Amino acid sequence: MSAPSAEKVKVVKQLARPEIVFAAARRKGTSLLYFGGSDFRVHAVDLGRDRPEARELGAHSSYVTGLAVAGGSLVSGGYDGRLNWWDLSSGSQIRSLEAHAKWIRRIAASPDGRLIASVADDMVCRLWDAETGALRSELRGHEEMTPHHFPSMLYACAFSEDGQHLATGDKVGRVNLWSVEDGCSVARLETPTFYTWDPVQRRHSIGGIRALAFSPDGSRLAIGGIGQIGNIDHLDSKPRIEVFDWRAGRRIGEAQGEGRGMVEHLVFHPRGEWLMGAGGYSDGLLLFCESDGTKALAQAKMPMYVHDMVLNDDLSGAVAVGHHKIAAVNWSA
Amino acid sequence: MAATRPSSFCGSSDHTIDRRGFLGTIAAGASAFAADMTALEVLKTPAVAADLKNKGKRVILLWLAGGSSQLETWDPKPGAPTGGPFRSIPTSVPSVRISELMPRMAARMDRTCIIRSLNTKIGDHGGGARLMMQGRRDDPSVRYPDMGAVLAHELGRADSRVPDYVTFYSATEGRGMAPGTPGFLGERYAPMSLTTETVPANLRKLDTIEDIDHQQRAELRDLLSRRFERDRSLSGALGSHNVAYERVRGLMASESLFDIRREPQAVRDRYGPTQFGEQALVARRLIEAGVPFVRVARAWWDSHGQNFETHQEMVPELDHVMAILLDDLAERGLLQDTLVITLAEFGRTPEINPSLGRDHFASAWSATLSGAGVKGGAVYGKTDANGRSVVDGQVGPAELFATIYQALGIDHEKQYMVGSRPVPLTDAGTEPVTAVLA
Amino acid sequence: MRIRGKAIAIVGIMLGASNPASMGGELLPADRPIAEAVDYYVDEAIHREGIQPAPTADDTTMIRRLTLDLAGRIPTNAEAQDFVGSSDSGKIVALVDRLLNSPGYVRHQTAELDELLMAGRRDHLRDYLTRSVSVNRPWDRIFRELMLPDESETLGKMAASYLKPQIKDADRLTADVSSTFFGVNISCAQCHDHPLVEDWKQDHFYGMKAFFERTTLLGKSKDGFLAERGFGTSRFKTTEGVERPARMMFLSGRKATEPEATRDATEEEKKLDKARFEKSQKDKAPPAPPRFSARAKLVELSLSPEDRGFFARAIVNRIWARLFGRGLVMPMDQMHSANPPSHPELLDWLARDTIAHGYDLKRLIRGMVLSHAYARESRWSGKGEPPRPSLFAVAALRPMTLEQLAASLRIATTDPSTLPDDQKSAELDRRIETIVQQGSPIAEALRSAGDGQIGVAEALLFSNGKRMDEDLLSDRDGRLLGRMLKLSSPDEQVTIAVRNIFGREPDPDERTALRKYLGLRTDRPAEACRQVVWALLTSPEFRFNH
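Residues numbered from 1 in each chain as written. Chains lettered and ligands numbered in written order. Predicted model: local features only at pLDDT ≥ 70, side-chain atom pairs only at ≥ 80, totals over all residues. Heavy atoms only, no water.

With respect to the overall build of chain C
Along chain C, the regular secondary structure elements total 27 helices and six strands. For 546 residues, the compact-globule estimate of 2.2 N^0.38 gives 24 Å, and the C-alpha radius of gyration of chain C, at 26 Å, lies within 12% of that figure. Overall, the C-alpha framework of chain C stretches about 85 × 60 × 45 Å when taken along its three principal axes. When the accessible surface of chain C is split by element, carbon and sulfur atoms take 50% of a total near 22500 Å². Mean positive and mean negative side-chain charge positions of chain C (79 and 79 charges, respectively) differ by 3 Å. (Helix = DSSP H or I, 4+ residues; strand = E, 2+ residues; numbered from the N terminus. Rg over C-alpha atoms; globule rule 2.2 N^0.38 Å. Areas by Shrake-Rupley, 256 points an atom, 1.4 Å probe, with all protein chains shown as cover. Lys, Arg positive; Asp, Glu negative; His and termini not counted. Charge placed at Lys NZ, Arg CZ, Asp CG, Glu CD.)

Shown next, in the form of structure tokens:
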């Protein structure tokens, strides 16, 4: 297997943004990037141009934290609990749904583009018909409160490549795996290292599962976040990835990056060459691991804390979005 | 009265009565007034009747250690680039909005006043904590007492059978930054400090001694110490030593106050199962029994990383505990005499850093006062649209402390003598924020 | 207290110990014994006030006071009896010299210096201090070794425990060094109220800070090394927002003038520093010092004949305060002309003497405790109100430090018959040090209950603390209570308890009261004895050095 070395990761384009960018999506085969963030807005920008200029599609009434392209639509989700559909050709809003009672943390489109999954702090994952916006199912399996009497949070979700399974991960480190077809729970994993709580030293919790990704063959699940935190005020722990054989309920690998940081996004190389986590601390980071998670291979700095990322179609690099910045990186030169 | 008393500053005999002396006289069986007080003389003695108005006044300080964010609590800026993701909600007071994380307090806004314009300048934990506990900067030549010690001294009784100044500080974060400091008031006003324990250390008699012997050996000690005190001044450490032992039995009797199992389950359920809630309940029990000052420190607000996750977890807890505490005090008829303060060493930056945190910020932040002596529903001061600076009604630590003292019926210009130096409760020229005083 | 900018400069000149006459009037000749100079100046001030000072304390009090001050513990009753019974006219001098050469002196002086230098910070300077005190290392050399520790050898590694934990916070270190070694708290200049304070703060504070700013820590504090750049200047912003270079400048106003101290580093010089540091990290060895060391410059300036007055007066004042209950200048970190000493000539004389005798602290302490001023009673039975403390006409009542208390509690509760008979033997010293060592859990308990402050936390600890009960009131063999319970008569029990704890005979009233207490508890004699011991241990006569 081969992962790019840290030196190979080059920033090829940067776009400063006034807002913090939390979510990104790209329509396959184009250089058109959709992004949303702390200014509550959804924008589109063509990164193929020399001087890319962002165009606003519309707005939520709070942070925009999830974007997915499904069929001919872009779907956005935000802390206002709403899911908005935008027409990709005209850019106009198609519909807006009150999807969750609390913050939507992430949305994902099924590989065939027919379903949208949304996870929110109401601790429910909802599956929506990407075409009609109809609610297809509600997946409930995450506790609303942490064991320490505080509201929990449901941060992450991901579809398997074949679209049959969906994983959701929460603050206290629980992962639920669902059969998309019937909405039944098919497995449950516990990853307590991602959740920090210490009744003596830290009477306040932090961490949680921030990123999920299925391996291309669907057998493994990668889970990302931060390790046990020494000083939770400063996110004082290493970026962390665990990989499970989820059917067996067995962890097969764990990898940690250098320095401090959180993994916010995970992606498997389609041919299994690597598994990559992106995130950050005060700077951003890319962490390449063995695809079974047994070893960290390389870690590169990013020009900003990365909240979300879209891989280039040819796997030569990616477009990352994050703290006041959009950055295109390349690692295959 | 204690042995030697210095002459008062201007030498007039009008000044020879002080409040404690007076209360000490009318209190049946009053024991000798704290000996270490001989170094201190109230210079400006207000009329006794006026001064009696603070009788029965109490304070609970909810100390948000690490520095809670004003933007996620009392001074939200929804929609501003610095505003963060939380919305604001209307409150029971028209035109006043607070963070959506505090629905319970929003419904009780008429009991609370907010000062949104603190500019306190010191942005490190230690310096900020000392500043906001003392109401002024350190001065190398005077050891200032903190708020708890001053209020224990002003509101408590010298012969008190209960502690005067109790502080709960269970977190390790910042515990050493602003320990209760009696300063020049002397160790008599040092706090009874609870950290890992729920009941103060060494309050319970050991089984190895019978109660009668425990009492009588103390009397024997007292007898031995009298011999030693002959021809020696009781001011200073010798007086403190004796007063400390005199108070032991009384303090031991207060042990049950710390035991929340003595509260009905329904009351405990209201406060909730969190440590902060339980300590607030103990604070109410202490206040009810006459303890003049209790600080409950709730730490881990220092959200340099993941500010919003932190506040989403902790502000609802504050909202719950504070609201229940105010309700409970009101139902018991205690709220009109009890001032509940929320305060920290500073607030947090409007700028959101790369790890979605907010950093230390002392230039424009908020505190609240509820209950005794304050105008519920009042909002004082204003910050700019992004919360970066105070644009109206700037309040410094001295003004805040003067306001607190006035709310409790204490003259903020009152002076103590430290040696030959008069030290006012707040620096000369300080004006309280009258707009929030009832 | 606010300090005028100009005033500080004046103090600097005035302090030149080589020119003490600038105070006006000649000082006593330099060849007089310390005690004589102390008494001369202290008595002079007392007489000016027309007061009769308190009489000299009795032998029982003196041996207790001296043993506490010099060896950090109370004397055993046998030591006390031996001293009281001696008719030797030189017995005080003999006692002082014996104590100053005992292991107790090393322990106690180490604890006192540790408290002065580390102020409760629990780092590991004690090893260095113990070694230094045991060879009576001069104070200027200690200062030099703390400022310039050679981490390539053992002692230097230990000495580095002073700078290492503080080096990251240069502001605090600057304030700490200025206050500890020079008696000047420059952090107070952060007051913005006084117009003259501003320029003092800016130049002096940053001037002092500049001596430390080139120092950094390579690696983590425990395993890392101190490293000093040889070049580079820093800048600071005045309150008006103007940027100015921070020039290395001592408190007197004297600046480092070397080119390496005053100009910015060239690229070449930066590389030299970098190479030196990288070599250190590669070799895992402390870096060689730079050709010009800012810290060495601070040591040089502050110990120079022109400016060493700050250093000498500060330590004299601190030692004086320890032995007499308050400094000649109070507060001790406010030594400036707006805050004059109670006895200016005495402070000058002692500073001059200390410099002349190589900053020998043991000699200084010896001289002070041999004075009559030190030996007065702490009671005031004279007419009228007691004289003000700064006259030193009556001895101060001093609370024992936490370490003195813990050691003394152990001595007081040791069965006296288990101690060697020879009161001047090395065997006794060894036994006593063992007993004191066993007091460390008590010291810990005291530390956690109010840090040795005289307050209710301590009273509660003594009243209800399990540790105190089980340790101090143990009736095991070898402990006081164990011995008392073997005695048959209540009178003997009372006598041995008072002797062991107070170091004196019980007076008739006490004897009656204590016997009565025991007499009312004949059904539980062991408990009664425990309670008597408790009442004695918790009484102020035990708690204070009087």
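After presenting the structure, the write-up continues.
Considerations on the pairing of strand β20 (residues 211-214) of chain A
Residue and element names in this part refer to chain A. Of the two faces of β20, both are covered, the one formed by Ala211 and Ala213 as well as the one formed by Leu212 and Phe214. Pairing of β20 with strand β21 (residues 220-226) involves four bridges; the strand directions are antiparallel. Paired with phenylalanine 214 across the bridge in β21 is leucine 221. Hairpin remark: β20 followed by β21, antiparallel, with five residues in the connecting loop; positive phi at glycine 218, about 80 degrees. (Buried < 20%, exposed > 50% of the residue type's maximum accessible area, 1.4 Å probe, protein only. Pairing = 2+ DSSP bridges.)

Looking at the pattern of salt bridges
For side chains of opposite charge, pairing can occur when their charged atoms come near one another. All chains considered together, the criterion is met by 101 salt bridges over all chains. Taking the shortest distance from any N to any O, the salt bridge between Glu263(B) and Arg284(B) comes out at 2.8 Å. Placement of the pair is Glu263(B) in the loop between α7 (237-253) and α8 (265-271) and Arg284(B) in helix α9 (residues 275-288), with a sequence separation of 21 residues. Judged on exposure class, the residue Glu263(B) and its partner Arg284(B) are both buried. The shortest N-O distance in the salt bridge between Asp43(C) and Arg376(C) comes to 3.3 Å. With Asp43(C) in helix α2 (residues 34-48) and Arg376(C) in the loop between α17 (361-369) and β5 (398-399), the pair connects residues that are 333 residues apart, well separated along the chain. The class of Asp43(C) is partly exposed, set by a relative accessible area of 24%. Residue class for Arg376(C) comes out buried when judged on its relative accessible area of 6%. (Salt bridge = Lys/Arg side-chain N within 4 Å of Asp/Glu carboxyl O.)

Re the interface of chain C and chain B
Taken residue by residue, the interface counts 51 residues in chain C and 44 residues in chain B. Together, the buried faces of chain C and chain B total about 4100 Å²; carbon and sulfur atoms form 60% of this surface. For the pair chain C and chain B, the number of links is five salt bridges. Arg521(C) is paired through a salt bridge with Asp213(B); the nearest N and O atoms lie 2.9 Å apart. For the side of chain C that touches chain B, the secondary structure elements donating two or more residues are α21 (456-464), α22 (466-472), α25 (508-519), α26 (525-537) and α27 (540-543) of chain C. (Contact = heavy atoms within 4.5 Å. Buried area = accessible area lost by both parts, 1.4 Å probe.)

Regarding the sheet that holds strand β26 (residues 284-289) of chain A
Residue and element names in this part refer to chain A. Pairing within the open sheet is antiparallel, and its four strands lie in the order β24-β25-β26-β27. This sheet does not close on itself; its edge strands, each paired only once, are β24 (262-268) and β27 (296-302). When strand polarity is set aside, the average angle formed by the axes of neighbouring strands in this sheet is 20 degrees. Looking at chain direction, strand β25 (residues 275-280) and β26 are connected through six bridges and run antiparallel. Looking across to β26, one finds that glycine 277 is bridged to leucine 287. (Axes fitted to C-alpha atoms, helices over the stretch in contact; angles between N-to-C directions.)

Section: helix α15 (residues 309-324) of chain C
The terminal C-alpha atoms of α15(C), which comprises 16 residues, lie 21 Å apart, in line with the 22 Å expected from a rise of 1.5 Å per residue. One or two steps after α15(C), the chain reaches Gly325(C), where phi turns positive at roughly 90 degrees. (Expected span 1.5 Å × (residues − 1).)

Regarding the interface of chain B and chain A
Contacts between the two partners involve 30 residues from chain B, matched on the other side by 35 residues from chain A. Both faces combined, the contact of chain B with chain A buries some 2800 Å², and carbon together with sulfur accounts for 54% of it. Area buried by chain B at its contact with chain A is led by Trp300(B), Glu313(B) and Pro354(B), which between them contribute 25% of it. One can count two salt bridges joining chain B with chain A. Of the charged contacts, one joins Glu313(B) and Lys171(A) as a salt bridge, the two residues approaching to 3.3 Å between their closest N and O atoms. Our count for the contact surface shared by chain B and chain A stands at 12 residue pairs in polar contact (both at pLDDT 80 or more). If you tally residues by element for the side of chain B that touches chain A, the top one is helix α10 (residues 307-331) of chain B, at seven residues. Here the side of chain B that touches chain A is built from residues that sort into nine nonpolar, 14 polar and seven charged. (Polar contact = N/O pair within 3.5 Å; in protein donor to acceptor, adjacent residues only side chain to side chain. Nonpolar A, V, L, I, M, F, W, Y, C, P; charged D, E, K, R; others polar.)

A look at the side chain of Ser205(A)
Tracing the backbone shows Ser205(A) in strand β19 (residues 202-207). Side-chain polar atoms of Ser205(A) contact the side chain of Lys171(A), separated by 3.4 Å. Of the polar contacts made by the side chain of Ser205(A), one reaches the side chain of Glu313(B); its length is 2.4 Å. If near-sequence neighbours (up to four positions away) are discounted, Ser205(A) is found in contact with Lys171(A), Tyr195(A), Thr196(A), Trp197(A) and Glu313(B).

Considering the packing of helix α24 (residues 490-502) of chain C against α25(C)
Residues and elements named next belong to chain C. At a minimum axis distance of 10 Å, the contact between α24 and α25 shows a crossing angle of 120 degrees. Between α24 and α25, the interaxial angle falls into the category oblique. Every pair of crossing elements has a handedness; the one defined by α24 and α25 is right-handed. Facing Pro490, Asp491, Gln493, Val494, Thr495, Val498 and Phe502 of α24, the residues of α25 in contact are Glu510, Arg511, Leu514, Arg515 and Leu518. Of the residues belonging to the contact of α24 with α25, the class tally is six nonpolar, two polar and four charged. (Parallel < 35°, antiparallel > 145°, perpendicular 65-115°, else oblique. Left-handed = near helix turned anticlockwise from the far one by under 90°.)

Let's talk about the nonpolar core
Within the largest apolar cluster, 172 residues are counted, with the highest numbers of intra-cluster contacts made by Trp63(B), Phe258(B), Leu339(B) and Leu343(B). What Leu343(B) contacts, discounting residues up to four positions off in sequence, is Leu61(B), Leu62(B), Trp63(B), Leu64(B), Leu118(B), Met132(B), Met147(B), Trp365(B), Ala367(B) and Leu400(B). (Core = buried A, V, L, I, M, F, W, Y, C linked by side-chain atoms within 4.5 Å.)

Brief notes about the domain arrangement of chain C
All names here are of chain C. Here chain C is partitioned into domain 1 (5-102 + 306-396), domain 2 (106-302) and domain 3 (399-545). Placing the centre of domain 2 and that of domain 3 at their C-alpha centroids yields a distance of 45 Å. Of the residues lining the interface, six residues belong to domain 2; the matching set on domain 3 comes to six residues. Carbon and sulfur atoms supply 37% of the area buried between domain 2 and domain 3, which totals about 480 Å² over both sides. Two residues, arginine 107 and glutamate 433, come together in a salt bridge whose shortest N-O distance is 2.7 Å. Taken together, the links from domain 2 to domain 3 amount to two residue pairs in polar contact (both at pLDDT 80 or more). A per-element tally of the side of domain 2 that touches domain 3 places helix α6 (residues 103-118) first, with four residues. Counted by class, the side of domain 2 that touches domain 3 contains one nonpolar, one polar and four charged residues. (Domains from an automatic or database assignment.)

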